[in-house]
Amino acid sequence: MKITVWNEFVHEKTDERVRAIYPDGMHACIAKFLTEAGYDVKTATLEMPEHGLTDEVLAETDVLFWWGHMRHEKVDDAIVQKVYDRVMQGMGLVVLHSGHASKIFRKLMGTNSDCLKWRESNDTEIMWVTSPNHPIVEGLGDHIVIPHEETYGEHFIIPEPDELVFISWFTGGEVFRSGCCFKRGNGRIFYFKPGHESFPIYHHPDVQKVLINAAKWACPVNRETFRYGHFPVRPVDELNIQ
């Protein structure tokens, strides 16, 4: 499996608190544990030419991880369209934390998914597993405790998920659909809420396990590519009718 981890890489350069947690960037932290899990991983950031998502990179990417926050609108629309097209063709997409407001997630969801409640509160987050037989929760218990995290709360304006894997409760009383699976075209999408830049979320072993499992779940099935548009009649002898 070939994975590309995309990150704005802005907070880590401008905020000492974030730099102390992720000195090489959140993308480097995520890439490290995905590599240790046996995946072939590369990284890309906003400031790279074409945001690091060239045609060649996207063509070779089975699953794309996306973390964004401060610079959503700086992402070029042409690159967003290329990512969208690849998801429709079958590339997996894992959208992290405030990536819910990214252009690509909004385009795929068809809604203004920036609409939710939030506060930087240092609350405890308990993520409850709502689909215990789902591949994304393999090897986990029935919940994950994140001691310090930014709070999100419902209502979260997204389409109804095809599968809801986690729902979170916060010590302030809010709840939030924090692990959501979607299918768009031939591609699979997983939205995973944890990941505020000011806390060491991606060092959490259970969070790492979720993302390792999510990559496997989102990876495209090895099959012949579907064809769309005008389709001529096939001779019967090509249909393998017994």
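Calculation rules
Residues numbered from 1 in each chain as written. Predicted model: local features only at pLDDT ≥ 70, side-chain atom pairs only at ≥ 80, totals over all residues. Heavy atoms only, no water. Helix = DSSP H or I, 4+ residues; strand = E, 2+ residues; numbered from the N terminus. Rg over C-alpha atoms; globule rule 2.2 N^0.38 Å. Buried < 20%, exposed > 50% of the residue type's maximum accessible area, 1.4 Å probe, protein only. Contact = heavy atoms within 4.5 Å. Areas by Shrake-Rupley, 256 points an atom, 1.4 Å probe, with all protein chains shown as cover. Disulfide = S-S within 2.5 Å.

Draft legend 1. Summary view of the overall build of the chain. Scanning the chain from N- to C-terminus turns up seven helices and nine strands. For a compact globule of 242 residues, the expected C-alpha radius of gyration is about 18 Å, and the chain comes in at 18 Å, within 12% of that figure. Across its three principal axes, the chain shows a C-alpha extent of roughly 65 × 40 × 35 Å. For the chain, the residues scored as buried account for 50% of the 242 residues in total. Considering only contacts in the chain between residues 6 or more positions apart, those separated by 24 or more positions represent 70%. When the accessible surface of the chain is summed, it comes to about 11700 Å², and 52% of that surface belongs to carbon and sulfur atoms.

Draft legend 2. Layout of the environment of Pro194. With respect to the secondary-structure elements, Pro194 resides in the loop between β9 (187-192) and α7 (205-218). Classification of Pro194 by relative accessible area gives buried; the value is 0%. Along the sequence, Pro194 and Val63 sit 131 residues apart, while their C-alpha atoms lie 19 Å from each other. The residues touching Pro194, leaving out its near neighbours within four places in the chain, are His97, Glu125, Met127, Ile146, Glu149, Ser178, Ile201 and Tyr202.

Draft legend 3. Broad picture of the state of the cysteines. Per the counting criterion, the structure on display carries zero disulfides. For Cys180, which is in no disulfide, the shortest distance to another cysteine sulfur is to Cys181 and amounts to 7.7 Å. Using a relative accessible area of 0% as the deciding quantity, one classes Cys180 as buried.

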